[in-house]
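Structural overview
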Amino acid sequence: MTQAAGTIVRKEIVVDAPVERAFSVFTDRFGDVKPPEHNLLGAPIVETTFEPHVGGHIYDRAEDGSECRWARILAYEPPNRVVFSWDIGPTWQIEADPANASEVEVRFVAEGADRTRVALEHRHIDRHGPGWEGVHHGVDSDGGWPLYLSRYAALFSA
């Protein structure tokens, strides 16, 4: 099934790291990639966890102990690919119905022994229903996936 180009956001970055390290930094240090101000909880985030297996979640834990599970791991194929749901709807609240969630695929492609192209595709954004254009704009804007990828790239120069 094809989808309209407007329902997909694609971003790419190249990092100076072998593909295995590029993958592990993305998944193991996702809490350093995700901006803490991207918060659906009522208190500041102290930890973002990426559970590295199909059926796992990406979730935030706040200072008060509350948690927000905002993504489900749909595919986990180290060191080449990870796919997770985007369970955040147009009102920037958790989407309880998986049928209304979009998905994010991140591919890690070796471009040599010490360089990896990281290609992110956020697709099926229209599944969020009315207002899906706001989700598209949010993840495509400078404060969305470009911010995540720049924070990710900075982990390799630290």
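Residues numbered from 1 in each chain as written. Predicted model: local features only at pLDDT ≥ 70, side-chain atom pairs only at ≥ 80, totals over all residues. Heavy atoms only, no water.

Some words on a nonpolar patch on the surface
- A contiguous nonpolar surface patch, about 240 Å² in accessible area, is contributed by Leu-40, Trp-92 and Ile-94.
- Inspection of the secondary structure assignment puts Trp-92 in the loop between β5 (81-86) and β6 (102-110). (Patch = residues over 30% accessible without salt bridge, like charges linked within 9 Å, V, L, I, M, F, W, Y side chains within 5 Å. Areas by Shrake-Rupley, 256 points an atom, 1.4 Å probe, with all protein chains shown as cover. Salt bridge = Lys/Arg side-chain N within 4 Å of Asp/Glu carboxyl O. Helix = DSSP H or I, 4+ residues; strand = E, 2+ residues; numbered from the N terminus.)

So, the layout of surface pockets
- Its boundaries defined by the atoms lining it, the largest pocket holds a volume of some 250 Å³.
- Lining the largest pocket are 15 residues; nearest its centre among them are His-38, Trp-86, Ile-88, Trp-92 and Tyr-148.
- Every element with two or more residues in the lining of the largest pocket is listed here: α3 (132-140) and α4 (145-154).
- Class assignment for the residues of the lining of the largest pocket results in 8 nonpolar, 5 polar and 2 charged. (1 Å grid on protein atoms, 1.4 Å probe; cavity = no way out; pocket = protein on both sides within 12 Å on 5 of 7 lines; lining within 4 Å. Points joined across faces, edges and corners; volume = space filled by probe spheres on them. Nonpolar A, V, L, I, M, F, W, Y, C, P; charged D, E, K, R; others polar.)

As for the packing of aromatic side chains
- Counted according to the given criterion, the structure contains 15 aromatic pairs.
- Summarising the aromatic geometry, the rings of Phe-26 and Tyr-152 are spaced 5.6 Å apart at their centres and angled 75° between planes, so their arrangement reads as edge-to-face. Placement of Phe-26 in helix α1 (residues 19-28) and of Tyr-152 in helix α4 is noted, with a sequence separation of 126 residues between them. A single burial state applies to Phe-26 and to Tyr-152, both of which are buried.
- Centroid distance Phe-30 to Trp-70: 6.2 Å. Interplanar angle 35°. Geometry classified as tilted. On the criterion of sequence distance, the pair formed by Phe-30 in helix α2 (residues 30-33) and Trp-70 in strand β4 (residues 67-77) is long-range, its members being 40 residues apart.
- By relative accessible area, which is 1% here, Phe-30 ends up buried.
- Across the ring face of Tyr-59, the terminal group of Arg-69 is positioned such that the distance to the ring centre comes to 4.5 Å. (Phe/Tyr/Trp six-rings, centres within 6.5 Å; stacked < 30°, edge-to-face > 60°. Buried < 20%, exposed > 50% of the residue type's maximum accessible area, 1.4 Å probe, protein only. Lys NZ or Arg CZ within 6 Å of the ring centre and 35° of its normal.)

Some points on the pairing of strand β7 (residues 116-123)
- Burial analysis of β7 places 7 of its 8 residues in the buried class, the great majority of the element.
- Summarising the sheet, strand β1 (residues 9-15) and β7 pair through 7 bridges and their orientation is antiparallel. Of the residues in β7, the one forming a bridge with Ile-13 is Val-118.
- Direction of pairing for β6 relative to β7: antiparallel, over a ladder of 8 bridges. Residue pairing across strands places Ala-110 opposite Thr-116, the latter belonging to β7. (Pairing = 2+ DSSP bridges.)

Some words on the sheet that holds strand β2 (residues 45-50)
- In space, the 7 strands of this open sheet follow the order β1-β7-β6-β5-β4-β3-β2, with antiparallel pairing throughout. Only two strands of the sheet have a single neighbouring strand rather than two, namely β1 and β2. This sheet shows a mean twist of 20° between the axes of neighbouring strands, independent of strand direction.
- As paired elements, strand β3 (residues 57-62) and β4 share 5 bridges and run antiparallel to each other. Residue Ile-58 lies in a different strand from β4, and its bridge partner there is Ala-71.
- Strands in contact with α1 are β1, β2, β4, β5, β6 and β7; relative to β6, the strand with the most contacts, it is inclined by about 150°.
- Strands β1, β5, β6 and β7 of the sheet are contacted by α4, whose axis makes an angle of about 10° with β1. (Axes fitted to C-alpha atoms, helices over the stretch in contact; angles between N-to-C directions. Contact = heavy atoms within 4.5 Å.)

Observations regarding unusual backbone geometry
- Along the chain, Pro-78 connects to Pro-79 via a cis peptide bond; the corresponding omega equals 0°.
- Looking at the secondary structure, you find Pro-79 in the loop between β4 and β5.
- Despite not being glycine, Trp-92 shows a phi value in the positive range, around 60°.
- According to the relative accessible area criterion, Trp-92 is partly exposed, its value standing at 35%.
- Look at His-124: it is not a glycine, yet its phi comes out positive at around 60°.
- Mapped onto the secondary structure, His-124 falls in the loop between β7 and α3.

Functional significance is not addressed by these values, which are geometric in nature.
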